[in-house]
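# Fold and contact review
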Amino acid sequence: MDGPLDAVLEIFTWVGLGAALLLAVIALIVWAVDGTWLRAEALVDHEEDATWVRWFDADGDANSAVASDHDAARLAGLDRADIYYRLGWRGKMRLTRRHPALRAATWMALGFAAMSMLSFAASLVVMFVRG
């Protein structure tokens, strides 16, 4: 390795690879802990004090939950909505199938992996240009 460019490319390669692996493990843990969420069509009741969401699960049981403020804002004006409920739990729902932390960790892992691969490719190009 000659010069600061080689050092920077080497550091980006290894830091990117390490961060990608760490974030991939974190994403795997978040995915495993998050559990199984199934889709259901729900009825949305807008009451004065809260927004209630009611649905039938896969076993035919009736469920209901109070929507969070964020979810209530997204459900404003709707009478029906597609929701996801936690399999094996009662009264637990959300509007997305996967947890937002899973999406963030996955995209960051892919970004660091791409940085690592690009840095490695750039170091190969520099090595062959000099040679």
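For the structure, see preceding data.
Residues numbered from 1 in each chain as written. Predicted model: local features only at pLDDT ≥ 70, side-chain atom pairs only at ≥ 80, totals over all residues. Heavy atoms only, no water.

## Overview of the overall build of the protein
A tally of helices and strands in the protein yields three helices and five strands. Secondary structure elements in the protein, listed N-terminal to C-terminal, are α-β-β-β-α-β-β-α. Relative to its length of 131 residues, the protein is extended, with a C-alpha radius of gyration of 23 Å against a globular reference of 14 Å. Burial analysis of the protein (131 residues in total) assigns 30% to the buried set. Of the contacts made within the protein by residues no fewer than 6 positions apart, 63% connect residues no fewer than 24 positions apart. The positive charge centre, built from 12 side chains, and the negative charge centre, built from 16, are 5 Å apart in the protein. (Helix = DSSP H or I, 4+ residues; strand = E, 2+ residues; numbered from the N terminus. Rg over C-alpha atoms; globule rule 2.2 N^0.38 Å. Buried < 20%, exposed > 50% of the residue type's maximum accessible area, 1.4 Å probe, protein only. Contact = heavy atoms within 4.5 Å. Lys, Arg positive; Asp, Glu negative; His and termini not counted. Charge placed at Lys NZ, Arg CZ, Asp CG, Glu CD.)

## A look at the packing of aromatic side chains
Taken as a whole and judged by the stated rule, the model has one aromatic pair. The ring of tryptophan 89 has lysine 92 lying over it, and the distance from NZ or CZ to the ring centre is 4.7 Å. Between arginine 94 and the ring centre of tryptophan 37, over which it is positioned, the NZ or CZ distance is 3.8 Å. (Phe/Tyr/Trp six-rings, centres within 6.5 Å; stacked < 30°, edge-to-face > 60°. Lys NZ or Arg CZ within 6 Å of the ring centre and 35° of its normal.)

## Comments concerning helix α3 (residues 100-130)
Since there are 3.6 residues in each turn of an α-helix, residues three or four apart along the chain are aligned in direction. Relative to the 45 Å expected for 31 residues at 1.5 Å per residue, α3 spans 45 Å between its end C-alpha atoms, a close match to the ideal helical length. The complete set of buried residues in α3 reads Leu102, Ala105, Ala109, Ser116, Ser119, Ser123 and Val126. Along its buried surface, α3 packs onto α1 (3-34). (Expected span 1.5 Å × (residues − 1).)

## Focus on α1
In a regular helix each residue adds 1.5 Å, so 32 residues correspond to 46 Å; α1 covers 46 Å between its end C-alpha atoms and thus fits that length. Every buried residue belonging to α1 is among Asp6, Leu9, Thr13, Gly16, Ala19, Ala20, Leu23, Ala27 and Asp34, and all of these are buried. At its buried positions, α1 is contacted by β1 (37-46), β4 (80-86), β5 (93-94) and α3.

## Brief notes about the pairing of strand β2 (residues 51-56)
Covered by surrounding structure in β2 are Thr51, Val53 and Trp55 only, the residues Trp52, Arg54 and Phe56 on the alternate face being uncovered. In the sheet, β1 pairs with β2 via four bridges, with the strands oriented antiparallel. Pairing of aspartate 45 across the sheet is with tryptophan 52, part of β2. The antiparallel hairpin formed by β1 and β2 contains four residues in its connecting segment. Sheet analysis places β2 next to strand β3 (residues 62-66), joined by five bridges and oriented antiparallel. Looking at the pairing, tryptophan 55 lines up with asparagine 63 of β3. Linking β2 back to β3 in an antiparallel pair, the connection comprises five residues, with glycine 60 at a positive phi of about 90°. (Pairing = 2+ DSSP bridges.)

## Comments concerning the side chain of aspartate 6
You can see aspartate 6 is positioned in helix α1. Classification of aspartate 6 as buried rests on a relative accessible area of 9%. Only 2.4 Å separates the side chain of aspartate 6 from the side chain of arginine 130, close enough to count as a polar contact. (Polar contact = N/O pair within 3.5 Å; in protein donor to acceptor, adjacent residues only side chain to side chain.)

## Overview of the sheet that holds β4
Read from one edge to the other, the open sheet built from five strands follows the order β3-β2-β1-β4-β5, with strand pairing classed as antiparallel. Of all strands in the sheet, those bounded by a partner on one side alone are β3 and β5. Note that β4 and β5 share two bridges and pair antiparallel. Residue pairing in the sheet places tyrosine 85 in a bridge with methionine 93 of β5.

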